[in-house]
Amino acid sequence: MSLQLNYVQSYAAMVRAYLAAFPEDEAVARSVGGNLELFGVLEHSLLRQYGLREDSRVVDVGCGAGRLAAQLRRYPPLRYLGLDVVPELLDYCRRKMARPDFRLELSQGNRIPLADGEADLVTFFSVFTHLLHEESYVYLQECARVLAPGGRVIFSFFEFAVEAQWSVFEGNVDWVRKRSYLGHINVFMHADDLRLWARRLGFTVIAMERGDKASIAITAETATEAVPAGQRALGQSYCVLEKPRA
Ligand SMILES: C[S@@+](CC[C@H](N)C(=O)[O-])C[C@H]1O[C@@H](n2cnc3c(N)ncnc32)[C@H](O)[C@@H]1O
(Lines give C-alpha, C1' and ligand atoms only; values in the text may rest on other atoms or scores of the structure.)
Protein backbone atom coordinates (compact mmCIF):
# COMPACT_ATOMS: atom_id res chain seq x y z
CA MET A 1 0.00 0.00 0.00
CA SER A 2 1.29 3.48 -0.87
CA LEU A 3 2.40 5.63 2.06
CA GLN A 4 2.01 8.76 0.01
CA LEU A 5 -0.60 11.36 0.85
CA ASN A 6 -3.55 11.37 -1.46
CA TYR A 7 -3.07 15.09 -1.96
CA VAL A 8 -4.19 15.69 -5.51
CA GLN A 9 -7.80 15.58 -6.51
CA SER A 10 -8.53 16.24 -10.15
CA TYR A 11 -10.25 19.50 -10.87
CA ALA A 12 -13.20 17.65 -12.40
CA ALA A 13 -13.73 15.58 -9.25
CA MET A 14 -13.68 18.74 -7.13
CA VAL A 15 -16.24 20.49 -9.36
CA ARG A 16 -18.50 17.40 -9.28
CA ALA A 17 -18.36 17.32 -5.48
CA TYR A 18 -19.41 20.99 -5.34
CA LEU A 19 -22.22 20.38 -7.87
CA ALA A 20 -23.52 17.55 -5.70
CA ALA A 21 -23.48 19.74 -2.57
CA PHE A 22 -24.64 23.19 -3.75
CA PRO A 23 -27.00 24.85 -6.26
CA GLU A 24 -25.30 25.15 -9.67
CA ASP A 25 -24.42 28.89 -9.57
CA GLU A 26 -22.85 28.56 -6.16
CA ALA A 27 -21.07 25.32 -7.07
CA VAL A 28 -19.38 26.76 -10.17
CA ALA A 29 -18.45 29.97 -8.31
CA ARG A 30 -16.80 27.91 -5.56
CA SER A 31 -15.03 25.82 -8.21
CA VAL A 32 -13.18 28.83 -9.64
CA GLY A 33 -12.51 30.72 -6.43
CA GLY A 34 -15.68 32.84 -6.17
CA ASN A 35 -16.09 36.57 -6.88
CA LEU A 36 -17.21 36.02 -10.47
CA GLU A 37 -17.79 39.67 -11.36
CA LEU A 38 -14.83 41.22 -9.51
CA PHE A 39 -12.29 38.84 -11.07
CA GLY A 40 -13.94 39.07 -14.47
CA VAL A 41 -13.58 42.86 -14.39
CA LEU A 42 -9.97 42.65 -13.17
CA GLU A 43 -9.07 40.13 -15.90
CA HIS A 44 -10.83 42.20 -18.59
CA SER A 45 -9.11 45.41 -17.40
CA LEU A 46 -5.73 43.69 -17.48
CA LEU A 47 -6.34 42.51 -21.03
CA ARG A 48 -7.30 46.04 -22.07
CA GLN A 49 -4.12 47.32 -20.47
CA TYR A 50 -2.04 44.90 -22.52
CA GLY A 51 -3.54 45.23 -25.97
CA LEU A 52 -7.07 43.73 -26.12
CA ARG A 53 -8.98 45.13 -29.10
CA GLU A 54 -12.67 44.74 -29.87
CA ASP A 55 -11.78 42.33 -32.69
CA SER A 56 -9.00 40.42 -30.93
CA ARG A 57 -8.71 36.64 -31.26
CA VAL A 58 -8.62 35.53 -27.61
CA VAL A 59 -7.86 32.08 -26.21
CA ASP A 60 -8.88 31.70 -22.54
CA VAL A 61 -7.26 28.51 -21.26
CA GLY A 62 -8.90 27.19 -18.09
CA CYS A 63 -11.93 29.41 -18.77
CA GLY A 64 -13.79 27.88 -15.80
CA ALA A 65 -17.19 29.41 -15.13
CA GLY A 66 -16.58 32.18 -17.68
CA ARG A 67 -15.48 35.04 -15.42
CA LEU A 68 -13.56 36.59 -18.34
CA ALA A 69 -15.97 35.48 -21.09
CA ALA A 70 -18.83 37.25 -19.30
CA GLN A 71 -16.97 40.55 -19.71
CA LEU A 72 -15.78 39.89 -23.27
CA ARG A 73 -19.18 38.97 -24.67
CA ARG A 74 -19.92 42.72 -25.07
CA TYR A 75 -17.59 42.90 -28.12
CA PRO A 76 -19.45 41.59 -31.20
CA PRO A 77 -16.35 41.20 -33.44
CA LEU A 78 -14.20 39.52 -30.77
CA ARG A 79 -13.31 35.88 -31.45
CA TYR A 80 -13.16 33.72 -28.33
CA LEU A 81 -11.95 30.18 -27.70
CA GLY A 82 -12.39 28.95 -24.12
CA LEU A 83 -10.69 25.71 -23.11
CA ASP A 84 -11.13 23.74 -19.90
CA VAL A 85 -10.71 20.20 -18.59
CA VAL A 86 -14.12 20.10 -16.84
CA PRO A 87 -17.07 19.45 -19.20
CA GLU A 88 -19.59 20.68 -16.60
CA LEU A 89 -17.91 24.13 -16.50
CA LEU A 90 -17.83 24.35 -20.30
CA ASP A 91 -21.51 23.46 -20.41
CA TYR A 92 -22.27 26.16 -17.80
CA CYS A 93 -20.36 28.75 -19.86
CA ARG A 94 -22.11 27.77 -23.05
CA ARG A 95 -25.52 28.30 -21.44
CA LYS A 96 -24.65 31.56 -19.60
CA MET A 97 -22.65 33.41 -22.26
CA ALA A 98 -25.38 33.46 -24.92
CA ARG A 99 -22.71 33.88 -27.61
CA PRO A 100 -23.12 30.91 -29.96
CA ASP A 101 -20.02 32.07 -31.84
CA PHE A 102 -17.84 31.66 -28.72
CA ARG A 103 -16.02 28.33 -29.02
CA LEU A 104 -15.92 26.34 -25.76
CA GLU A 105 -13.93 23.13 -25.95
CA LEU A 106 -12.45 20.42 -23.79
CA SER A 107 -8.71 20.87 -23.37
CA GLN A 108 -6.80 17.73 -24.28
CA GLY A 109 -3.11 17.04 -23.83
CA ASN A 110 -2.25 20.67 -23.00
CA ARG A 111 -2.73 21.59 -26.65
CA ILE A 112 -4.40 24.69 -28.11
CA PRO A 113 -6.55 23.61 -31.08
CA LEU A 114 -5.60 26.43 -33.45
CA ALA A 115 -3.30 26.67 -36.46
CA ASP A 116 -0.02 28.58 -36.22
CA GLY A 117 -0.41 32.35 -35.77
CA GLU A 118 -4.20 32.32 -35.29
CA ALA A 119 -4.39 34.07 -31.86
CA ASP A 120 -3.69 37.59 -30.60
CA LEU A 121 -3.98 36.95 -26.86
CA VAL A 122 -3.82 33.76 -24.80
CA THR A 123 -4.74 33.94 -21.10
CA PHE A 124 -4.30 31.55 -18.18
CA PHE A 125 -5.91 33.08 -15.09
CA SER A 126 -5.36 30.98 -11.99
CA VAL A 127 -4.46 27.95 -14.13
CA PHE A 128 -0.68 27.53 -13.86
CA THR A 129 -1.38 27.69 -10.12
CA HIS A 130 -2.87 24.20 -10.45
CA LEU A 131 -0.52 22.54 -12.97
CA LEU A 132 2.87 20.90 -12.83
CA HIS A 133 5.56 23.25 -14.18
CA GLU A 134 6.06 20.91 -17.13
CA GLU A 135 2.37 21.17 -18.07
CA SER A 136 2.49 24.97 -17.92
CA TYR A 137 5.63 24.93 -20.06
CA VAL A 138 3.93 22.80 -22.73
CA TYR A 139 1.04 25.28 -22.79
CA LEU A 140 3.54 28.14 -23.25
CA GLN A 141 5.17 26.25 -26.13
CA GLU A 142 1.70 26.05 -27.65
CA CYS A 143 1.31 29.82 -27.15
CA ALA A 144 4.57 30.43 -29.01
CA ARG A 145 3.07 28.46 -31.91
CA VAL A 146 -0.51 29.80 -32.06
CA LEU A 147 0.20 33.47 -31.37
CA ALA A 148 0.61 35.84 -34.30
CA PRO A 149 3.84 37.88 -34.25
CA GLY A 150 3.33 40.61 -31.63
CA GLY A 151 0.68 38.48 -29.89
CA ARG A 152 0.75 38.14 -26.11
CA VAL A 153 0.21 35.61 -23.38
CA ILE A 154 -0.98 36.72 -19.94
CA PHE A 155 -0.90 34.36 -16.99
CA SER A 156 -1.22 34.62 -13.23
CA PHE A 157 0.86 32.74 -10.67
CA PHE A 158 1.57 32.33 -6.96
CA GLU A 159 4.99 33.46 -5.70
CA PHE A 160 6.64 33.29 -2.29
CA ALA A 161 7.82 36.90 -2.63
CA VAL A 162 4.25 38.10 -1.99
CA GLU A 163 3.38 37.86 1.70
CA ALA A 164 -0.38 37.55 1.13
CA GLN A 165 0.13 34.42 -1.02
CA TRP A 166 1.74 32.56 1.88
CA SER A 167 -1.70 31.71 3.26
CA VAL A 168 -2.20 29.42 0.24
CA PHE A 169 1.13 27.70 0.86
CA GLU A 170 0.42 27.42 4.57
CA GLY A 171 -2.90 25.78 3.71
CA ASN A 172 -0.95 23.16 1.72
CA VAL A 173 1.47 22.70 4.63
CA ASP A 174 -1.47 22.19 6.95
CA TRP A 175 -2.93 19.51 4.69
CA VAL A 176 0.41 17.69 4.73
CA ARG A 177 0.73 17.96 8.55
CA LYS A 178 -2.79 16.64 9.11
CA ARG A 179 -2.36 14.09 6.29
CA SER A 180 -5.82 15.20 5.25
CA TYR A 181 -7.46 15.44 1.89
CA LEU A 182 -6.60 18.35 -0.40
CA GLY A 183 -8.99 19.86 -2.97
CA HIS A 184 -6.44 20.40 -5.72
CA ILE A 185 -2.77 21.16 -6.05
CA ASN A 186 -1.49 24.76 -5.60
CA VAL A 187 1.81 25.44 -7.34
CA PHE A 188 4.21 28.35 -6.79
CA MET A 189 6.54 29.90 -9.37
CA HIS A 190 9.44 32.34 -9.14
CA ALA A 191 9.55 35.48 -11.29
CA ASP A 192 13.25 34.99 -12.13
CA ASP A 193 12.58 31.42 -13.29
CA LEU A 194 9.76 32.70 -15.49
CA ARG A 195 12.20 35.14 -17.11
CA LEU A 196 14.40 32.14 -17.90
CA TRP A 197 11.43 30.25 -19.32
CA ALA A 198 10.58 33.28 -21.48
CA ARG A 199 14.11 33.38 -22.90
CA ARG A 200 14.12 29.66 -23.71
CA LEU A 201 10.69 29.93 -25.33
CA GLY A 202 11.64 32.99 -27.40
CA PHE A 203 9.25 35.43 -25.70
CA THR A 204 9.91 39.03 -24.63
CA VAL A 205 8.84 39.83 -21.06
CA ILE A 206 6.47 42.81 -21.23
CA ALA A 207 5.37 42.82 -17.57
CA MET A 208 5.97 40.86 -14.37
CA GLU A 209 3.84 42.27 -11.53
CA ARG A 210 3.39 41.28 -7.93
CA GLY A 211 -0.13 40.29 -6.97
CA ASP A 212 -0.27 42.77 -4.09
CA LYS A 213 0.50 45.82 -6.27
CA ALA A 214 -2.47 47.91 -7.41
CA SER A 215 -1.28 47.72 -11.02
CA ILE A 216 -4.61 47.15 -12.78
CA ALA A 217 -6.57 50.18 -13.97
CA ILE A 218 -10.31 49.56 -13.93
CA THR A 219 -11.50 52.26 -16.30
CA ALA A 220 -14.93 53.71 -17.05
CA GLU A 221 -15.02 51.21 -19.96
CA THR A 222 -14.31 48.11 -17.88
CA ALA A 223 -16.03 49.07 -14.59
CA THR A 224 -19.45 47.68 -13.69
CA GLU A 225 -22.04 48.80 -11.15
CA ALA A 226 -20.61 46.40 -8.58
CA VAL A 227 -16.94 46.98 -9.46
CA PRO A 228 -16.19 50.72 -9.76
CA ALA A 229 -13.29 52.36 -11.62
CA GLY A 230 -9.96 52.62 -9.79
CA GLN A 231 -6.57 50.99 -9.36
CA ARG A 232 -6.73 47.42 -8.00
CA ALA A 233 -4.42 44.49 -7.34
CA LEU A 234 -5.17 41.05 -8.88
CA GLY A 235 -4.17 39.09 -5.78
CA GLN A 236 -2.13 36.59 -7.78
CA SER A 237 1.02 37.87 -9.47
CA TYR A 238 0.99 38.04 -13.27
CA CYS A 239 3.29 37.90 -16.25
CA VAL A 240 2.81 39.25 -19.78
CA LEU A 241 4.94 37.77 -22.59
CA GLU A 242 5.10 38.83 -26.23
CA LYS A 243 5.99 36.83 -29.33
CA PRO A 244 8.55 38.86 -31.28
CA ARG A 245 7.21 40.69 -34.34
CA ALA A 246 9.87 39.70 -36.84
C1 LIG B 1 -9.24 28.67 -10.41
S2 LIG B 1 -10.08 28.22 -11.87
C3 LIG B 1 -9.92 29.73 -12.83
C4 LIG B 1 -10.94 29.82 -13.93
C5 LIG B 1 -10.84 31.05 -14.84
N6 LIG B 1 -9.56 31.15 -15.51
C7 LIG B 1 -11.13 32.30 -14.06
O8 LIG B 1 -10.24 33.12 -13.83
O9 LIG B 1 -12.27 32.46 -13.66
C10 LIG B 1 -8.95 27.13 -12.70
C11 LIG B 1 -9.52 26.52 -13.97
O12 LIG B 1 -8.50 25.80 -14.66
C13 LIG B 1 -9.07 24.60 -15.17
N14 LIG B 1 -7.99 23.66 -15.43
C15 LIG B 1 -7.36 22.82 -14.54
N16 LIG B 1 -6.41 22.12 -15.19
C17 LIG B 1 -6.43 22.51 -16.50
C18 LIG B 1 -5.69 22.15 -17.66
N19 LIG B 1 -4.71 21.23 -17.63
N20 LIG B 1 -6.00 22.76 -18.82
C21 LIG B 1 -6.98 23.68 -18.89
N22 LIG B 1 -7.70 24.07 -17.82
C23 LIG B 1 -7.44 23.49 -16.64
C24 LIG B 1 -10.06 24.18 -14.10
O25 LIG B 1 -11.01 23.27 -14.56
C26 LIG B 1 -10.65 25.53 -13.71
O27 LIG B 1 -11.75 25.86 -14.48
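Owing to the predicted nature of the structure, the values given are computational and were not obtained by experimental measurement. (Residues numbered from 1 in each chain as written. Predicted model: local features only at pLDDT ≥ 70, side-chain atom pairs only at ≥ 80, totals over all residues. Heavy atoms only, no water.)

Engineer: Whenever I open this one, the packing of aromatic side chains confuses me. Can you help?
Structural biologist: Working definition: an aromatic ring pair is given by the centre-to-centre distance plus the angle between the planes. All chains considered together, the criterion is met by 14 aromatic pairs. Pairing phenylalanine 155 with phenylalanine 157 gives two aromatic rings, centres 6.1 Å apart and planes at 50 degrees, and the pair type is tilted. The burial state of phenylalanine 155 is the same as that of phenylalanine 157; both residues are buried. Among the aromatic residues, those joined into a ring-pair cluster are Phe124, Phe128, Tyr139, Phe155 and Phe157. (Phe/Tyr/Trp six-rings, centres within 6.5 Å; stacked < 30°, edge-to-face > 60°. Buried < 20%, exposed > 50% of the residue type's maximum accessible area, 1.4 Å probe, protein only.)

Engineer: Looking at this structure, how should I read the site of the ligand?
Structural biologist: Near the ligand there are 19 residues, and of these Glu43, Gly62, Arg67, Asp84 and Tyr139 occur at the shortest range. Within the contact set of the ligand, an oxygen atom lies 2.4 Å away from a side-chain nitrogen or oxygen of arginine 67. Phenylalanine 125 has a polar backbone atom sitting 2.8 Å from a nitrogen atom of the ligand. At a threshold of 2 Å from the grid points, most atoms of the ligand map onto the largest pocket. (Near = heavy atom within 4 Å. Polar contact = N/O pair within 3.5 Å; in protein donor to acceptor, adjacent residues only side chain to side chain. 1 Å grid on protein atoms, 1.4 Å probe; cavity = no way out; pocket = protein on both sides within 12 Å on 5 of 7 lines; lining within 4 Å. Sits in = over half its atoms within 2 Å of the grid points.)

Engineer: How should the pattern of salt bridges be read in this particular structure?
Structural biologist: For side chains of opposite charge, pairing can occur when their charged atoms come near one another. The final tally for this structure, using the stated rule, is 18 salt bridges. Note that aspartate 120 is salt-bridged to arginine 57, the shortest N-O span being 2.9 Å. Within this pair, whereas aspartate 120 is found in strand 4 (residues 119–124), its partner arginine 57 is found in strand 1 (residues 57–61), the two being separated by 63 residues in sequence. Aspartate 120 gets classed as buried once you look at its relative accessible area, which sits at 15%. Overall, arginine 57 belongs to the partly exposed group, its relative accessible area being 23%. Glutamate 209 is paired through a salt bridge with lysine 213; the nearest N and O atoms lie 3.2 Å apart. Residue classification places glutamate 209 among the buried positions, given a relative accessible area of 17%. (Salt bridge = Lys/Arg side-chain N within 4 Å of Asp/Glu carboxyl O. Helix = DSSP H or I, 4+ residues; strand = E, 2+ residues; numbered from the N terminus.)

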